2 protein chains.
Amino acid sequence: MDYPEPIAKLINSYTKLPGIGPKTATRLAFYTLGMQEDDVVDFSKSLLSAKKDLTFCRICGNITENSVNPCAICQDKSRDQSTVFVVENSRDVMAMENTRDYYGLYHVLNGVISPSAGTGPEDINLPSLIRRLSDHQEINEVIVGTNANAEGEATAMYLARLLKPAGIKVTRLAHGLAVGSDIDYADQLTLIKAVQGRTEL
Amino acid sequence: MDYPEPIAKLINSYTKLPGIGPKTATRLAFYTLGMQEDDVVDFSKSLLSAKKDLTFCRICGNITENSVNPCAICQDKSRDQSTVFVVENSRDVMAMENTRDYYGLYHVLNGVISPSAGTGPEDINLPSLIRRLSDHQEINEVIVGTNANAEGEATAMYLARLLKPAGIKVTRLAHGLAVGSDIDYADQLTLIKAVQGRTEL
């Protein structure tokens, strides 16, 4: 026996989300049935709206509304126009913005170089970074904020080799102990990096 | 800084689902942006459809399409009309149907009696069960398939006390070891119940 079609379809839709299997999808679908009608309508609309009303900023690749392109950050002339922070995705921009400690610009790659997955420099938002740097000679530092894993490191290395000869300063986020963490819980690689990157007091 | 409104709204909608916090909601929302447009449209439609096109069967309380009421099980006269399996929700009906080993009818309470949560017999689909039993004298056994926790047991006890004087046989699903399980991993209560409910070989 199968569930009635409307709920079977909803379960199927939930199953397409990452990390949600058939059991969780069923639980979510039944929960949806018990939700306020307004909330379900909002949910339904926001799915379509997120898909239709958003696009990537034509300068930096960050996510932005169709009506705000270039994005708010790129349009903000009060920001430091000489520094570009390169990140993998829009969530990284948000994480950085929430620190309220960086006032430069961003460039969102929307991916990383990953030879194993067959993703090369041309497959991510990297050519536009090269164009951007040659069009805007005022940019003199590129901070590479890709994740601290194999793909992130590979992307950082690629950028450094490409941009350094052009006289642009390429920096990488520091590796080390997380603030508030215990040394004896840190993994070996992080400890090694923390020693290598030690600073004078 | 906040996310653009369309994605902020979608994140907010995802957060309303059970077990999904802000981090997961953000991940799901960004994943949604990268989904096939058709899948997102289907998802959006299925949310509305599940809310609009489904209702509870007016006989048994199981979930059913608006156009199929009473539900398919209640309409199926080939099923054993003398036995009613009482469960907490529609997922339990599905679990039981998937065993393909029960051919009677169901009654879905859509809840359990829970004094601590203030849920009494009148707040769940129980009065309709009483009416159903008095209208259909052919029903001679009620199998109580509520969950094996405090609320489920309380509901089972309530039903037994109410229905037994009316001459209806009230049975409860057996407690014991799960098939294929190890005795040394079973919890004490389950072991005690398994001994109490031992059967002769």
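Bear in mind that the values here come from a model prediction, so they are computed numbers and not experimental data.

### Section: the overall build of chain A
Looking only at helices and strands, chain A features 8 helices and 6 strands. When the helices and strands of chain A are listed from N to C terminus, the series reads α-α-α-β-β-α-β-α-β-α-β-α-β-α. Computed over C-alpha atoms, the radius of gyration of chain A comes to 22 Å, more than 25% over the 17 Å expected from 2.2 N^0.38 for 201 residues, which places it beyond the range of a compact globule. Expressed as lengths along the three principal axes of its C-alpha atoms, the size of chain A is roughly 65 × 50 × 35 Å. The buried share of chain A, taken over its 201 residues, is 41%.

### What about the side chain of A:Glu97?
Residues and elements named next belong to chain A. With respect to the helices and strands, the residue Glu-97 is situated in helix α5 (residues 90–98). Judged by its relative accessible area of 11%, Glu-97 falls in the buried class. Separated by 2.8 Å, the side chains of Glu-97 and Arg-79 make a polar contact. Only 2.6 Å separates the side chain of Glu-97 from the side chain of Tyr-106, close enough to count as a polar contact.

### Regarding the pairing of strand β5 (residues 141–144) of chain A
Residues and elements named next belong to chain A. Here β5 shows no split at all, with Glu-141 and Ile-143 on one side and Val-142 and Val-144 on the other all buried. The sheet contact formed by strand β3 (residues 83–87) and β5 spans 4 bridges and is parallel. In the sheet register, Thr-83 faces β5, and the bridge partner there is Glu-141. For β5 and strand β6 (residues 169–172), the ladder comprises 4 bridges, and the chain directions are parallel. Bridge assignment links Glu-141 to a residue of β6, and that residue is Lys-169. Read as a crossover between parallel neighbours, the route from β5 over helix α7 (residues 150–163) to β6 is right-handed.

### With respect to the environment of A:Ala160
Residue and element names in this part refer to chain A. You can see Ala-160 is positioned in helix α7. In the structure, Ala-160 is positioned 17 residues away from Ile-143 in sequence and 9.9 Å away in space, judged by C-alpha atoms. The contacts of Ala-160, once residues within four sequence positions are left out, are Pro-165 and Val-170.

### Observations concerning the sheet that holds strand β5 (residues 141–144) of chain B
Residue and element names in this part refer to chain B. Strand order in this open sheet of 4 strands is β4-β3-β5-β6, and the pairing throughout is parallel. A single partner strand is all that each edge strand has here, and the edge strands are β4 (105–108) and β6 (169–172). Within this sheet the neighbouring strands show an average axis-to-axis angle of 25°, counted without direction. Along the sheet face, helix α5 (residues 90–97) touches β3 (83–87) and β4 and points at about 155° away from the line of β4. The strands touched by helix α7 (residues 150–163) are β3, β5 and β6; relative to β6, the strand with the most contacts, the crossing angle is about 165°.

### Brief notes about the sheet that holds β6(A)
Residue and element names in this part refer to chain A. Taken in spatial order, the 4 strands line up as β4-β3-β5-β6 in an open sheet, and their pairing is parallel. In this open sheet, the two strands that pair with only one neighbour each are β4 (105–108) and β6. Taken pair by pair, the neighbouring strands of this sheet meet at an average axis angle of 25°, ignoring direction. Helix-sheet contacts for helix α6 (residues 127–135) involve β3, β4 and β5, and the interaxial angle to β4 is about 150°.

### Side note on the relation of the copies chain A and chain B
The operation relating chain A to chain B is a screw motion whose rotation component is 180°, with 0.0 Å of axial translation and a residual RMSD of 0.0 Å. The transformation just described matches what one would write down for a two-fold rotation axis. Taking C-alpha positions as the reference, the residue of chain A nearest the rotation axis is A:Ser44, at 2.2 Å.

### Quick notes on the layout of surface pockets
Residue and element names in this part refer to chain B. A volume near 370 Å³ is recorded for the largest pocket. Forming the walls of the largest pocket are 18 residues, and the residues nearest its centre are Thr-146, Asn-147, Ala-148, Ala-174 and His-175. If you list the elements that add at least two residues to the lining of the largest pocket, you get β3, α5 and α8 (188–196). Across the lining of the largest pocket, the residue classes break down as 8 nonpolar, 6 polar and 4 charged.

### Some details on the UniProt feature "domain: Toprim" in chain A
Using the residue numbers shown here, the UniProt feature "domain: Toprim" corresponds to residues 82–178 of chain A. Helix makes up 33% of residues 82–178 of chain A and strand 18%, with an end-to-end C-alpha separation of 28 Å.

### Comments concerning the side chain of B:Ser46
Within the secondary structure, B:Ser46 sits in helix α3 (residues 37–52). In this structure B:Ser46 comes out as buried when scored by relative accessible area, which is 4%. Residues in contact with B:Ser46, not counting those within four places in the same chain, are A:Pro6, A:Lys9, A:Leu10 and A:Ser13.

### Observations concerning the domain arrangement of chain A
Taken domain by domain, chain A holds domain 1 (3–53) and domain 2 (66–170). Using only C-alpha atoms to locate each centre, domain 1 of chain A and domain 2 of chain A end up separated by 35 Å.

### Quick word on the UniProt feature "zinc finger region: C4-type" in chain A
According to UniProt, the feature "zinc finger region: C4-type" maps to residues 57–74 of chain A in the numbering used here. The span residues 57–74 of chain A is 17% helix and 17% strand, and its two end C-alpha atoms sit 8 Å from each other.

### Thoughts on the pattern of salt bridges
Scanning all chains against the criterion turns up 8 salt bridges over all chains. With a shortest N-O distance of 3.4 Å, A:Glu5 and A:Lys9 are connected by a salt bridge. Of the two residues, A:Glu5 and A:Lys9 are both situated in helix α1 (residues 5–15); the distance of 4 residues between them amounts to about one turn of the helix. Among the residues examined, A:Lys9 registers a relative accessible area of 47% and is labelled partly exposed. A salt bridge links B:Glu153 to B:Arg172; the shortest N-O distance between them is 3.3 Å. Pair noted here: B:Glu153 is in helix α7 and B:Arg172 is in strand β6, with a separation of 19 residues, a long-range link. With a relative accessible area of 26%, B:Arg172 lands in the partly exposed category.

Thresholds applied
- Residues numbered from 1 in each chain as written.
- Chains lettered and ligands numbered in written order.
- Predicted model: local features only at pLDDT ≥ 70, side-chain atom pairs only at ≥ 80, totals over all residues.
- Heavy atoms only, no water.
- Helix = DSSP H or I, 4+ residues; strand = E, 2+ residues; numbered from the N terminus.
- Rg over C-alpha atoms; globule rule 2.2 N^0.38 Å.
- Buried < 20%, exposed > 50% of the residue type's maximum accessible area, 1.4 Å probe, protein only.
- Polar contact = N/O pair within 3.5 Å; in protein donor to acceptor, adjacent residues only side chain to side chain.
- Pairing = 2+ DSSP bridges.
- Right-handed = clockwise from strand over helix to strand, strands pointing away.
- Contact = heavy atoms within 4.5 Å.
- Axes fitted to C-alpha atoms, helices over the stretch in contact; angles between N-to-C directions.
- Least-squares fit on C-alpha atoms with pLDDT ≥ 70 in both.
- 1 Å grid on protein atoms, 1.4 Å probe; cavity = no way out; pocket = protein on both sides within 12 Å on 5 of 7 lines; lining within 4 Å.
- Points joined across faces, edges and corners; volume = space filled by probe spheres on them.
- Nonpolar A, V, L, I, M, F, W, Y, C, P; charged D, E, K, R; others polar.
- UniProt positions renumbered as here; feature names shortened; annotations may be inferred.
- Domains from an automatic or database assignment.
- Salt bridge = Lys/Arg side-chain N within 4 Å of Asp/Glu carboxyl O.

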